[in-house]
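One letter stands for each residue in the lines below.
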Amino acid sequence: MTTVILMGPPGAGKGTHAELLAGRLGVPVISTGDIFRAQVAEGTDLGRTAQRYLDAGEYVPDEVTNAMVRERLAAADCRPGFLLDGYPRTLEQAAVLDEVLGGQGRGLVAAVILRVDQEALVARLLRRAEIEHRSDDTEDVIRRRLQVYGDQTVPLINLYDERGLLREVDGSGEIHEVRQRVLNVAFDLTPAE
Ligand code: AMP
């Protein structure tokens, strides 16, 4: 069973490369950001709760996010494994993921992190804002999202590093270059036939 998480600051390219990586691993992508945006678009209760956090660049509270992920990971398509894009983002979420995986009798195979320096991220996110019109891609909110990432998510990098699970990918440069680096990691993570 291939259970992998994809980490990296906003704008590092997680969304761009998640499908490629997951496709090679033969597992679905579970993107908490995409699920929240879909719920906002549908106007569900969860969407209404999540929207103000998304718009402000803050994390949706752990209890809300964890409940949503627990339910999603219990679905049948996750049985062969999954690639989590954008989860966990806090130490509490990491603990819940350990618990969920433990309950399923499995563990994490790898934590892949896309690394890109801060100014390149801001530039990328501003460019994306023009194309996608995401409500959380204004410069103030972008800077806040990077700050929240530094405060709450960077500690997870050490956690997974200590467990020997970290796979660092240089996320700078052109998309095709990063793509090749992601493919190399996918190859390493694919179980031999
Ligand atoms: P993303 O598309 O992954 O950048 O996520 C967009 C927004 O969704 C984030 O800025 C948060 O407001 C929210 N979000 C996504 N994943 C999480 C998570 N694991 N924990 C809390 N909030 C999240």
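Residues numbered from 1 in each chain as written. Predicted model: local features only at pLDDT ≥ 70, side-chain atom pairs only at ≥ 80, totals over all residues. Heavy atoms only, no water.

**Details of the overall build of the chain**
Counting secondary structure elements, the chain contains 8 helices and 5 strands. When the helices and strands of the chain are listed from N to C terminus, the series reads β-α-β-α-α-α-β-α-β-α-α-β-α. The C-alpha radius of gyration computed for the chain amounts to 16 Å, which stays within 12% of the reference 16 Å derived for 193 residues, consistent with globular compactness. Projected onto the principal axes, the alpha-carbon positions of the chain cover approximately 45 × 40 × 30 Å. Long-range contacts, defined as pairs at least 24 residues apart, comprise 74% of the intrachain contacts of the chain with a sequence gap of at least 6. With an accessible surface of roughly 9700 Å², the chain has 49% of that area assigned to carbon and sulfur atoms. For the chain, the separation between the mean place of its 22 positive charges and that of its 31 negative charges on side chains is 2 Å. (Helix = DSSP H or I, 4+ residues; strand = E, 2+ residues; numbered from the N terminus. Rg over C-alpha atoms; globule rule 2.2 N^0.38 Å. Contact = heavy atoms within 4.5 Å. Areas by Shrake-Rupley, 256 points an atom, 1.4 Å probe, with all protein chains shown as cover. Lys, Arg positive; Asp, Glu negative; His and termini not counted. Charge placed at Lys NZ, Arg CZ, Asp CG, Glu CD.)

**Some points on the nonpolar core**
Among the nonpolar cores identified, the biggest contains 26 residues, and Leu21, Leu83 and Val112 are the most heavily contacted of them. Listing elements by their share of this core, those giving two or more residues are strand 1 (2-7), helix 1 (14-25), strand 4 (110-115), helix 6 (118-132), helix 7 (139-162) and helix 8 (175-189). Sorting elements by how many residues they give to this core places helix 8 first, with 6 residues. Leave out the neighbours within four places in its chain, and Leu21 touches Leu6, Leu83, Val112, Val182 and Ala186. By size, the runner-up hydrophobic cluster in this structure holds 25 residues, among which are Cys78, Phe82, Leu84 and Ile157. (Core = buried A, V, L, I, M, F, W, Y, C linked by side-chain atoms within 4.5 Å. Buried < 20%, exposed > 50% of the residue type's maximum accessible area, 1.4 Å probe, protein only.)

**Regarding the site of the ligand**
What surrounds the ligand is a group of 15 residues, the closest being Thr32, Arg37, Glu58, Arg89 and Gln93. Within the contact set of the ligand, a nitrogen atom lies 2.7 Å away from a side-chain nitrogen or oxygen of Arg89. One of the side-chain N or O atoms of Gln93 is found 2.9 Å from a nitrogen atom in the ligand. Element by element, the count of residues in the shell around the ligand is highest for helix 2 (residues 32-42), at 4 residues. Within the shell around the ligand, the residues separate by chemical class into 5 nonpolar, 5 polar and 5 charged. (Near = heavy atom within 4 Å. Polar contact = N/O pair within 3.5 Å; in protein donor to acceptor, adjacent residues only side chain to side chain. Nonpolar A, V, L, I, M, F, W, Y, C, P; charged D, E, K, R; others polar.)

**Some remarks on the sheet that holds strand 2 (residues 29-31)**
The parallel open sheet is built from 5 strands, whose spatial order is 2-3-1-4-5. Two strands bound the open sheet, and with one partner strand each, they are strand 2 and strand 5 (166-170). Each strand axis lies, on average, 20° off the axis of its neighbour in the sheet, ignoring direction. Here strand 2 runs beside strand 3 (residues 81-85); their pairing, made up of 3 bridges, is parallel. Along strand 3, the bridge assignment pairs Val29 with Leu83. Of the strands in this sheet, strand 2 and strand 3 are in contact with helix 2, which crosses strand 2 at around 60°. (Pairing = 2+ DSSP bridges. Axes fitted to C-alpha atoms, helices over the stretch in contact; angles between N-to-C directions.)

**Regarding the packing of helix 1 against helix 8**
Between helix 1 and helix 8, the least distance of the axes is 9 Å, while the angle of their chain directions is 30°. Here helix 1 is positioned roughly parallel relative to helix 8, judged by the angle of their axes. Where helix 1 crosses over helix 8, the handedness of that crossing is right-handed. In this structure, helix 1 contributes Thr16, His17, Leu20, Leu21, Arg24 and Leu25 to the contact, and helix 8 contributes Ile175, Val178, Arg179, Val182, Leu183, Ala186 and Leu189. Residue classes in the contact of helix 1 with helix 8 are distributed as 9 nonpolar, 2 polar and 2 charged. (Parallel < 35°, antiparallel > 145°, perpendicular 65-115°, else oblique. Left-handed = near helix turned anticlockwise from the far one by under 90°.)

**Quick look at the environment of Val185**
Secondary-structure assignment places Val185 in helix 8. Between the alpha carbons of Val185 and Ile175 there is a distance of 15 Å; along the sequence they are 10 residues apart. Filtering out sequence-adjacent residues up to four positions away, Val185 remains in contact with Val112, Arg167 and Val169.

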